[in-house]
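Secondary and tertiary structure notes
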Amino acid sequence: MTEAILLVGGKGTRLRPLTVHTPKPMVPAAGVPFLTHQLARARAAGVEHIVLATSYLAEVFEPYFGDGSALGLHIEYVTEEEPLGTGGAIRNVASRLHSGPDEPVLVFNGDILTGLDIRALVRTHETSGADVSLHLTQVTDPRAYGLVPTDGTGRVLAFLEKPQTPEEIVTDQINAGAYVFRRSVIDTIPAGRVVSVERETFPGLLAAGAHLQGMVDSTYWLDLGTPAAFVRGSADLVLGKAPSPAVPGRCGDRLVLPTARVAPDAKLAGGTVVGEGAFVAEGARVFGSTILPGAVIEPGAVVTDSLIGTRARVGERAVLTGAVIGDGAVVGARNELREGVRVWCDARIPAGAVRFSSDQ
């Protein structure tokens, strides 16, 4: 079937400190690097050849995925010496594609978790005769996104910047980050410089009279760009709300990886993941959270909607809600950390140092 390009070069700055040592697509979601879910879904749709467009911490990808044969894929890697933007990254890997000029090439952003029907997007592209087809999704509040209005046949009419007033919200459709390009269109993207496919390539094609087709698919869709969204996405994969053939176990309230240890009276729920070698001690309660490999949750700690980094430690009776704890960090006993807090890698918070309630 179709070959694909996966854009995995971003620095993931909104996800720091998760991305200090790990590129965003390699941060574990539901027990495996997030990229594994995208690769597995592409393979399930019939894709056999995928080119990974890498940049930030590019050396991490190939040692993990190799040639892709374990996933039934042939994977190639192309590294940008300098970041080239989404369009520039697509153009930079063009020499590795095997498709003929009129054949379709799938392109995915590396930070979107979606239940998109990939085969349906390809069919839409082929039956409409489009130059580029875009997955569009509908959102309740589109003010944070660029808008993509279409006509009655699904043909794209415009690409509009984020609306500033209610009058500018002319549609609830947004670009969902998955595309099918006619192979020859990729070759028209300027080489060797930064190009944004969203701000330059697509509007330019539309202005030149090209046919851009939108397919609205409002199944599960989540941009994993923030820590809160990443934690939610991982939980939704475990719960089965987001579909993936790569979840290493049965869907349910919890996913405990091999070699992880959980005390018999500890409570895990809400799509919680406990990674390899991690330990959740007696009396601890963990809801909707991701505990990465080697991390320790000490007795009586309560962790909700949080991500605990590799080899990090959460102290006895600490209470964390909506927190991100970096790799190797230590949160001392009885601390209380609330929504949005980010504890950097290897940081140390003494016992009882941060509280929102009395220490009595």
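Here the residue numbers are simple positions, counted from 1 along each chain's written sequence. It should be noted that, the model being predicted, local features are given only for residues of pLDDT at least 70 and side-chain atom pairs only at 80 or more, the latter also being counted only at that level, while totals for whole chains, interfaces and linings use all residues. Working from all heavy atoms in the structure, the side-chain values ignore hydrogens and water.

1. Some remarks on the overall build of the protein
- The way it works is that DSSP assigns letters per residue, a run of H or I at least four long becomes a helix, a run of E at least two long becomes a strand, and they are numbered from the N terminus. In terms of regular secondary structure, the protein is built from seven helices and 28 strands.
- Rg of the C-alpha trace for the protein: 22 Å, near the compact-globule value of 21 Å for 360 residues, within the 12% margin.
- Counting only C-alpha atoms, the protein reaches 70 × 50 × 35 Å along its principal axes.
- Out of the 360 residues in the protein, the part that is buried amounts to 56%.
- Only heavy atoms enter the contact rule, under which two residues are in contact if any of them lie within 4.5 Å. A separation of at least 24 residues holds for 52% of the contacts in the protein among residues at least 6 apart in sequence.
- Areas reported as accessible are Shrake-Rupley estimates using a 1.4 Å probe. Residue values count occlusion only from the protein chains shown. Total accessible area on the protein stands at roughly 15,200 Å², and carbon and sulfur atoms take up 51% of it.
- For this count, His and the chain ends are skipped, Lys and Arg are scored as positive, and Asp and Glu as negative. Note on charges: their place is set at NZ of Lys, CZ of Arg, CG of Asp or CD of Glu. Taking the 32 positively charged and 39 negatively charged side chains of the protein as two groups, their mean positions are separated by 6 Å. Here the globule rule reads 2.2 Å times residues to the power 0.38, and the radius of gyration is calculated from C-alpha atoms. Accessibility here uses a 1.4 Å probe with only protein chains present; expressed as a share of the type maximum, an area under 20% marks a residue as buried, one over 50% as exposed, and anything in between as partly exposed.

2. Focus: the sheet that holds strand β28 (residues 348-349)
- Spatial strand order, β13-β16-β19-β22-β25-β28: six strands in an open sheet with parallel pairing. Both edges of this open sheet fall to β13 (261-262) and β28, since each of them pairs with a single strand only.
- A strand pair is defined by DSSP finding two or more bridges across the two strands. Of the pairings in the sheet, the one linking strand β16 (residues 279-280) to strand β19 (residues 296-297) comprises two bridges and is parallel in character. When the bridges of β19 are listed, V280 appears paired with I297.

3. Some details on the UniProt feature "domain: Nucleotidyl transferase" (unreviewed entry) in the protein
- UniProt positions are given in the numbering used here, feature names are shortened, and annotations may be inferred rather than shown by experiment. Per the UniProt record, the feature "domain: Nucleotidyl transferase" (unreviewed entry) sits at residues 4-236.
- For the annotated span residues 4-236, helix accounts for 26% and strand for 23% of the residues, and the straight-line distance between the end C-alpha atoms is 25 Å.

4. Some remarks on the side chain of R183
- Here R183 shows up in helix α5 (residues 183-186).
- The buried category is assigned to R183, whose relative accessible area is 10%.
- Whenever a nitrogen or oxygen atom comes within 3.5 Å of another N or O atom, the pair is scored as a polar contact, on the condition that within protein one atom can donate a hydrogen and the other can accept it, and that pairs from neighbouring residues in sequence are kept only if both atoms are in side chains. Within the structure, R183 has its side chain in polar contact with the backbone oxygen of A94 (distance 3.2 Å).
- Aside from chain neighbours lying at most four places away, what touches R183 is A94, L97, S99, G100, P101, E103 and V105.

5. With respect to the UniProt feature "domain: Mannose-1-phosphate guanyltransferase C-terminal" (unreviewed entry) in the protein
- The UniProt feature table records "domain: Mannose-1-phosphate guanyltransferase C-terminal" (unreviewed entry) at residues 252-332.
- As annotated, residues 252-332 has a helix share of 0% and a strand share of 42%, and its two end C-alpha atoms lie 31 Å apart.

6. Concerning the environment of V47
- Here V47 shows up in the loop between α1 (34-44) and β4 (49-54).
- The spacing of V47 and T2 is 45 residues in sequence and 5.3 Å in space, taken between C-alpha atoms.
- In contact with V47, other than residues within four places in its own chain, are T2, E3, A4, A42, L73 and L106.

7. Points about the sheet that holds strand β26 (residues 336-337)
- With parallel pairing, the five strands of this open sheet are ordered in space as β14-β17-β20-β23-β26. This sheet does not close on itself; its edge strands, each paired only once, are β14 (267-269) and β26.
- Summarising the sheet, strand β17 (residues 285-287) and strand β20 (residues 302-304) pair through three bridges and their orientation is parallel. Its bridge partner being in β20, R285 is matched across the sheet by V302.

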